[in-house]
Each structure stands twice: as structure tokens, then as C-alpha cells.
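In case you want the letters, here they are:
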Amino acid sequence: MNLKIDIHIHSINSFDSSIQIEDLQEISRSKGLDGVAITDHDKYFNGKVDGLVVIPGIEVSTREGHLLGLGQVGKIAAGLSVNETIRIIHDRGGVVILAHPYDLIRGGIKPDQIREKLDGIETINSMAYPYNLSKHLAEKAAKKMGVSSLGGSDSHTLETVGDAYTCIRSQSSSIDEIIDAIRKGDVSPEGGSIGNVNQLRRMKAAVKWRLKT
Ligand SMILES: [Zn+2]
Ligand SMILES: [Zn+2]
């Protein structure tokens, strides 16, 4: 089966998101998604959402930047090196995807910092800035490293959920089979940028937040 899953969504449990988990079913259905991964900053989510496939996940802040850990990986500490974090996720049977590696505002982990095997790169991240350049460089890196490309909206507000997602060709909708499909590279990225209006709003918020810290 071919599942459409937005693998990168932040809920209210992230300090910078307004998305309530109970609102995810309706918006996901309206965008044609089969499921989501709720990847809060350094907080593991392994809950259920009615009517959706939910891949357990976390967005880990490593020393070098952000990565997504998907599967039954449990809590993972922030601030470890990227290579140590990848080893922990793999030891626990999960998969590792580099998040927005070429985003100019948020930065990201660069392929030459990685010695461990990677499962994929988020080549389409709807929040990436500047979008086209970030996508182009991420696609080039995925090709060079021989890893698969995935897509996620990186939503912090409800309306952008599903703006990007990953098509996963899985045997079934069980989490184990989905994780296996990602590991094997039976995936492709879909969707695009959240668009200029949202992008501008997001940048303003980011600048404000930086000034505060
Ligand atoms: Zn991130
Ligand atoms: Zn994120």
C-alpha cells in the first residue's frame, strides 16, 4: 500500500507550536494524508490520533543540528553529537532522517559531519528558507550519499499540515512495516513550500524569538 504521511509536525508540546493533537485528524484527512509523525523538539511522541497512522517520533537537537528519529526510539537527550545520536536511534530499531540540512535561518547537519549510516534526508521541508535553494542542495546531498529523500511540512500551525509529506510504499500500515519501508528506501517526497505569507510570518517570529534569547 501507498501511505501519505507528513513525517514532521510539531504539537503544542513544542515551545514554538500552536497545534493541538486533537485537531490533527480533521486537517490531515482534508489534506489527503493517511498519517503523521509528531516530532516535537527533544520530546518523544508515541500516542494515538483517531483515524490516523501515527509514526512515533522525535526531532532531536544534536550539537550539530536537528534530525528526526522515527520508530520506537523513546526519549533521546539533546546536545549529544550527531553520530552518537544516530547510533542510539539505530540501536533502538529506529530510522534517522536529517531535518532541513540547508535551511539558512535554522541551520542543519551537513553530510560531511556524519560518519554513521543515514536512512534519509528531508529534501522537502515546507519551512525551509530559501526554499528552492535548500531543496536543491538537499537533493544533491541525498544523491551523493546514496540515501533516500523524504518530505515533511515541519508545521507549527494547523493550516500548513500536509503541505509536504512522504509517500511510503509499505506492506501494511503497521509501524514496524512502515519503519522497514523507510529503512529500505521505499519512499518519495511530495509537496512544497508553505508559501510566502506563512514564510514571512514564520521568519518574523524567528527573529523576535532570537532577539529574546
Ligand atoms: Zn528543526
Ligand atoms: Zn521541526
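Just so you know, these numbers come straight off a predicted model, no measurement behind them.

Visitor: Mind showing me how you'd approach the coordination of the zinc ion (ligand 1) here?
Guide: Within the protein, the atoms that donate to the zinc ion (ligand 1) are Glu-59 (OE), His-66 (ND1) and His-100 (NE2), at distances of 2.1 to 2.2 Å. Each donor residue of the zinc ion (ligand 1) lies on one chain, and together they are spaced E-x6-H-x33-H. Separation of the zinc ion (ligand 1) from the zinc ion (ligand 2) amounts to 3.5 Å, with Glu-59 serving as a shared donor to the pair. Of this pair, Glu-59 sits in strand E4 (residues 57–61) while His-100 sits in the loop between strand E6 (95–98) and strand E7 (120–125), and the two are 41 residues apart along the sequence.

Visitor: Explain the coordination of the zinc ion (ligand 2) here, please?
Guide: The textbook angles at a metal center are 109.5 degrees for a tetrahedron of four donors and 90 or 180 degrees for an octahedron of six. For the zinc ion (ligand 2), the full set of protein donor atoms is His-8 (NE2), His-10 (NE2), Glu-59 (OE) and Asp-154 (OD), at a range of 2.0 to 2.3 Å. The coordination sphere of the zinc ion (ligand 2) comprises 4 donor atoms, whose angles at the metal cover 80 to 171 degrees; the geometry is irregular. Sequence spacing of the donor residues for the zinc ion (ligand 2), all on one chain, is H-x1-H-x48-E-x94-D. On the basis of relative accessibility, which here comes to 0%, the residue His-10 falls in the buried class. Classification of Asp-154 by relative accessible area gives buried; the value is 1%.

Visitor: I would appreciate a short explanation of the nonpolar core in the present structure.
Guide: One broad trend across soluble globular proteins is that nonpolar side chains are buried collectively. Formed by 19 residues in total, the largest nonpolar core has its most connected members in Ile-5, Ile-55, Leu-70, Ile-97, Ile-168, Ile-178 and Ile-182. Broken down by element, the residue count for this core peaks at 5 residues, all from helix H4 (residues 175–184). Among all residues touching Ile-97, those that are not within four sequence positions of it are Ile-7, Leu-67, Leu-68, Leu-70, Gly-120, Ile-121, Glu-122, Leu-150 and Ile-182. Of all hydrophobic cores here, the second largest spans 18 residues; its members include Ile-121, Ala-138, Ala-141 and Ala-142.

Visitor: How should empty space enclosed by the protein be read in this particular structure?
Guide: Within the structure shown, the criterion is met by 1 cavity of 30 Å³ or more. When its volume is computed, the largest cavity comes out at roughly 70 Å³. Every residue lining the largest cavity is counted, 13 residues in all, and those nearest its centre are Glu-122, Thr-123, Ala-128, Ser-134 and Lys-135. For the lining of the largest cavity, the secondary structure elements donating two or more residues are E7 and helix H3 (131–145). Grouping the constituent residues of the lining of the largest cavity by class yields 6 nonpolar, 4 polar and 3 charged.

Scoring rules and cut-offs
- Residues numbered from 1 in each chain as written.
- Chains lettered and ligands numbered in written order.
- Predicted model: local features only at pLDDT ≥ 70, side-chain atom pairs only at ≥ 80, totals over all residues.
- Heavy atoms only, no water.
- Donors = N, O, S within 2.8 Å, 3.2 Å for Na, K, Ca; no water.
- Helix = DSSP H or I, 4+ residues; strand = E, 2+ residues; numbered from the N terminus.
- Tetrahedral: all angles 85-135°; square planar, octahedral: opposite > 155°, others 65-115°.
- Buried < 20%, exposed > 50% of the residue type's maximum accessible area, 1.4 Å probe, protein only.
- Core = buried A, V, L, I, M, F, W, Y, C linked by side-chain atoms within 4.5 Å.
- Contact = heavy atoms within 4.5 Å.
- 1 Å grid on protein atoms, 1.4 Å probe; cavity = no way out; pocket = protein on both sides within 12 Å on 5 of 7 lines; lining within 4 Å.
- Points joined across faces, edges and corners; volume = space filled by probe spheres on them.
- Nonpolar A, V, L, I, M, F, W, Y, C, P; charged D, E, K, R; others polar.

Limitation: the analysis is restricted to geometry and does not speak to function.
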